[in-house]
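# Summary of the model geometry
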Amino acid sequence: MAAAIETENLTKDFLVGFWRPRPYRALDGLTLSVEPGEVFGFLGPNGAGKSTTLKLLMQLIYPSAGQASILGRPAGDVAVRQRIGYLAENPYYYDYLTAEEVLTYFARLFGIRGRDATARVARVLDEVGLGAERRMRLRRFSKGMLQRVGLAQALINDPEVLFLDEPMSGLDPLGRRQVRDLILQLRAKGTTVFFSSHILADAEALCSRVAILAQGRLATTGRISELVAFQLKGWELIASGVTDELRAALASKVAAIVPLSHDRYTIQIGPGEKPERLMTELGTHGASVESLLPLRDTLEDYFMQQVAAAQARDTGGL
Amino acid sequence: MRAIALVAGAVFRESIRDRVPYSMVIFAVLLMAASYLISQMTAGQDMKIIKDLGLAAVSIFGLLIAVFIGIGLVSKEVERKSIYALLTKPVTRPQFVLGKFAGLLLTLLVNIAAMTVAFYLVLAYVHSAATEGQRLSWPAPATDPRLLVAILLIYAELAVVTALALFFSTFSSPLLATLLTLGLWVAGHFNADLRNFENVVDVAAIAWLGKVLYYTLPNLAPFDVKAEIVHGFPVAWRHVGLTLLYAAVYAGILLTAAIAIFRRRDFK
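Residues numbered from 1 in each chain as written. Chains lettered and ligands numbered in written order. Predicted model: local features only at pLDDT ≥ 70, side-chain atom pairs only at ≥ 80, totals over all residues. Heavy atoms only, no water.

## Structural notes on the overall build of chain A
Helix and strand counts for chain A stand at 11 helices and 14 strands. Relative to the compact-globule value of 20 Å for 318 residues, chain A shows a C-alpha radius of gyration of 25 Å, a clear excess of over 25%. The principal-axis extent of the C-alpha atoms belonging to chain A is close to 80 × 50 × 45 Å. Sorting the 318 residues of chain A into buried and exposed places 48% on the buried side. When contacts within chain A are restricted to residue pairs at least 6 apart in sequence, long-range pairs at least 24 apart make up 69% of them. Carbon and sulfur atoms make up 51% of the accessible area of chain A, which totals about 15,000 Å². (Helix = DSSP H or I, 4+ residues; strand = E, 2+ residues; numbered from the N terminus. Rg over C-alpha atoms; globule rule 2.2 N^0.38 Å. Buried < 20%, exposed > 50% of the residue type's maximum accessible area, 1.4 Å probe, protein only. Contact = heavy atoms within 4.5 Å. Areas by Shrake-Rupley, 256 points an atom, 1.4 Å probe, with all protein chains shown as cover.)

## Some thoughts on the interface of chain B and chain A
In this complex, chain B contributes 30 residues to the contact, which on the side of chain A involves 31 residues. Where chain B meets chain A, there are 2 salt bridges. Counting the contacts that link chain B with chain A gives 16 residue pairs in polar contact (both at pLDDT 80 or more). Secondary structure elements with two or more residues in the side of chain B that touches chain A: α1 (2-17), α4 (82-87) and α12 (237-264) of chain B. Sort the elements by how many residues they give to the side of chain B that touches chain A and α1 of chain B lands first, with 8 residues. Residues that form the side of chain B that touches chain A fall into these classes: 11 nonpolar, 3 polar and 16 charged. (Salt bridge = Lys/Arg side-chain N within 4 Å of Asp/Glu carboxyl O. Polar contact = N/O pair within 3.5 Å; in protein donor to acceptor, adjacent residues only side chain to side chain. Nonpolar A, V, L, I, M, F, W, Y, C, P; charged D, E, K, R; others polar.)

## Quick look at α12 of chain B
In an α-helix, one full turn covers 3.6 residues, which means residues spaced three or four apart are oriented alike. All names here are of chain B. The end-to-end C-alpha distance of α12 is 41 Å, a good match for the 40 Å that 28 residues give at a rise of 1.5 Å each. Within the span of α12, buried status applies to V240, T243, A247, Y250, A251, L254, L255, A258, I259 and F262. Residues of α12 that are buried sit in contact with α3 (46-79), α4, α5 (93-129), α7 (147-169) and α10 (204-216). (Expected span 1.5 Å × (residues − 1).)

## Section: the nonpolar core
If you look at the biggest cluster of nonpolar residues, it comprises 170 residues, and the most contacted ones within it are I70, Y93, Y105, F106, F163 and F194 of chain A together with F96 of chain B. In terms of residue count, α7 of chain B provides more of this core than any other element does, 18 residues in total. When neighbours within four sequence positions are excluded, Y93 of chain A is seen to be in contact with L87, V102, F106, L138, L146, V149, G150 and Q153 of chain A together with S82 and A85 of chain B. (Core = buried A, V, L, I, M, F, W, Y, C linked by side-chain atoms within 4.5 Å.)

## Quick look at the pairing of strand β11 (residues 232-240) of chain A
All names here are of chain A. In terms of strand pairing, β11 meets strand β14 (residues 288-296) through 8 bridges, oriented antiparallel. Its bridge partner being in β14, W235 is matched across the sheet by P294. Bridge count between β11 and strand β13 (residues 264-269): 5 bridges; the pairing is antiparallel. Looking across to β13, one finds that I238 is bridged to T266. (Pairing = 2+ DSSP bridges.)

## Quick notes on a positive patch on the surface
Positive charge collects at one region of the surface, where R108 and R113 of chain A together with R2 and R13 of chain B lie side by side. Within the secondary structure, R2 of chain B is located in helix α1. By relative accessible area, which is 37% here, R2 of chain B ends up partly exposed. (Patch = residues over 30% accessible without salt bridge, like charges linked within 9 Å, V, L, I, M, F, W, Y side chains within 5 Å. Lys, Arg positive; Asp, Glu negative; His and termini not counted. Charge placed at Lys NZ, Arg CZ, Asp CG, Glu CD.)

## Some details on the sheet that holds β11 of chain A
Residues and elements named next belong to chain A. An order of β12-β13-β11-β14 is seen for the 4 strands of this open sheet, with the pairing classed as antiparallel. Each edge of the open sheet carries a strand with a single partner, namely β12 (256-261) and β14. Between one strand and the next, the sheet's axes are offset by a mean angle of 20°, whatever the strand orientation. Helix α10 (residues 275-284) contacts β11, β13 and β14 of the sheet and is inclined by roughly 15° relative to β11. (Axes fitted to C-alpha atoms, helices over the stretch in contact; angles between N-to-C directions.)

## Points about the side chain of T170 of chain B
Residue and element names in this part refer to chain B. Structurally, T170 can be placed in the loop between α7 and α8 (174-189). Judged by relative accessible area, T170 falls into the buried class, the value being 1%. A distance of 2.5 Å separates the side chain of T170 from the backbone oxygen of F167, its partner in a polar contact. Filtering out sequence-adjacent residues up to four positions away, T170 remains in contact with A258, I261, F262 and R265.

This is the structure:
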């Protein structure tokens with residue numbers, strides 16, 4: 001089965017400077033493959049090249065080198081656009097049209113007409129929580145509401161592959177929750193979702209695989225479980241009933257011992273130490289263990305490491 | 001074809017809800033009404049003044065609608081990024097440009113039709129208020145149907161201006177595109193002077209440059225038949241036909257160039 005999205009050595013240079021324009025490499029040799037049905041997180045800090053990649057895939061901009069394909073056909077093919085949905089970052093539509101009119105317009109561009117169009121428009125507006133505002137002109141919409149219109153227009157054709165550029169941006173906590181639920185519903189239906197974000201919690205909650213982009217280059221790609229479980233940094237144990245003598249005795253054996261309240265402490269040991277041994281010692285001295293947690297790298301830590309590593313690398317003079 | 005019609009329909013729907021064309025049409029109608037008052041002060045010239053001012057109002061306010069909405073159509077979409085949603089639907093870039101052009105022509109048609117109706121109402125009122133003697137002194141009847149020929153050519157001229165506005169807005173900022181379009185509109189009305197440049201300058205190169213500019217820049221003078229119509233002079237159908245053909249060819253070339261530029265453009 002063909003990959004849902006495939007890029008090979010995708011590169012984009014922009015010319016910067018007015019008098020003597022010089023190329024600035026926004027994306028450098030991106031090779032990526034996303035399988036059908038995957039929810040793929042495209043992560044990176046601002047300016048990493050995420051939106052550039054999405055625009056290349058949508059052929060809103062043309063690559064300087066390399067190629068991209070969607071559903072086995074070249075990106076930008078009109079037949080492919082029939083089967084995809086795209087939400088741009090901070091979307092904007094037509095001030096003087098209502099949400100319903102904008103969506104009906106887009107539905108008709110897909111060849112959806114009559115009652116089918118009316119029913120679909122009503123359905124997607126309900127899905128994104130804009131059912132009550134359907135007849136309001138967009139100039140009165142807030143940023144969050146426009147984001148929802150953006151999502152609705154991306155879903156109007158029941159796309160097989162959905163591209164979302166920072167879909168949570170501008171949304172309140174309830175809105176973010178709704179978008180997450182929506183993506184999960186789409187995943188259950190088998191829709192491929194490719195979304196960019198710099199908010200890692202979103203990716204952790206939704207994605208089967210992620211790619212991390214830094215300074216236009218792919219830093220890493222893989223399953224979340226592999227990346228998050230990458231490193232065990234140690235163990236954190238909370239114990240109560242720790243006497244001063246016991247604390248003094250433990251001080252030299254553990255990595256850190258931090259008081260929480262009267263006789264409660266947070267005790268940290270390194271990844272090579274066995275937590276069982278510490279628990280036995282605490283038990284023998286009359287202290288009780290309240291909790292034990294492994295300390296792992298979060299996606300946030302991993303992200304920072306990868307970004308730092310990429311920054312340290314030579315950028316090839318571009 | 002369906003995509004072009006849909007884009008044009010959206011342009012039309014959005015334009016007629018914008019306040020700009022309404023205010024233009026209202027201004028034009030006010031000017032026409034005011035022309036009646038002005039004509040009261042000029043003995044014997046009243047009908048010519050009313051017609052002159054009325055046709056000028058249709059032309060100027062039509063121009064403003066064509067330029068301001070025409071440039072806003074593409075550059076606003078690019079600036080505000082609404083183009084992202086549209087160009088990722090099954091719409092090609094040429095269809096987008098042609099749809100915008102057709103939508104604006106439709107908007108102009110409706111606005112000019114509204115101004116024309118208002119114009120004829122003013123003329124009909126003047127006709128009914130005039131004495132038989134006054135009517136006989138007019139070079140042409142008040143509600144002369146030939147005024148429609150002048151308005152048809154104004155519309156054709158505005159189609160060329162719209163194509164110019166669309167062309168410039170595919171690669172330059174809205175302000176620059178506005179200035180260039182208005183500048184070419186002015187230049188277009190004095191284009192014939194460039195052709196005769198060789199009569200006033202001795203330098204062959206400059207005379208040659210004048211000729212090149214004459215053939216490159218839009219020649220808008222033939223579209224202006226206001227004076228002939230107002231004074232009741234004949235306007236040859238051949239002139240009307242050739243001018244309409246010129247408008248179609250010139251707008252066609254501009255649209256082809258606009259599409260070629262738009263096709264290659266990166267929407268950052």
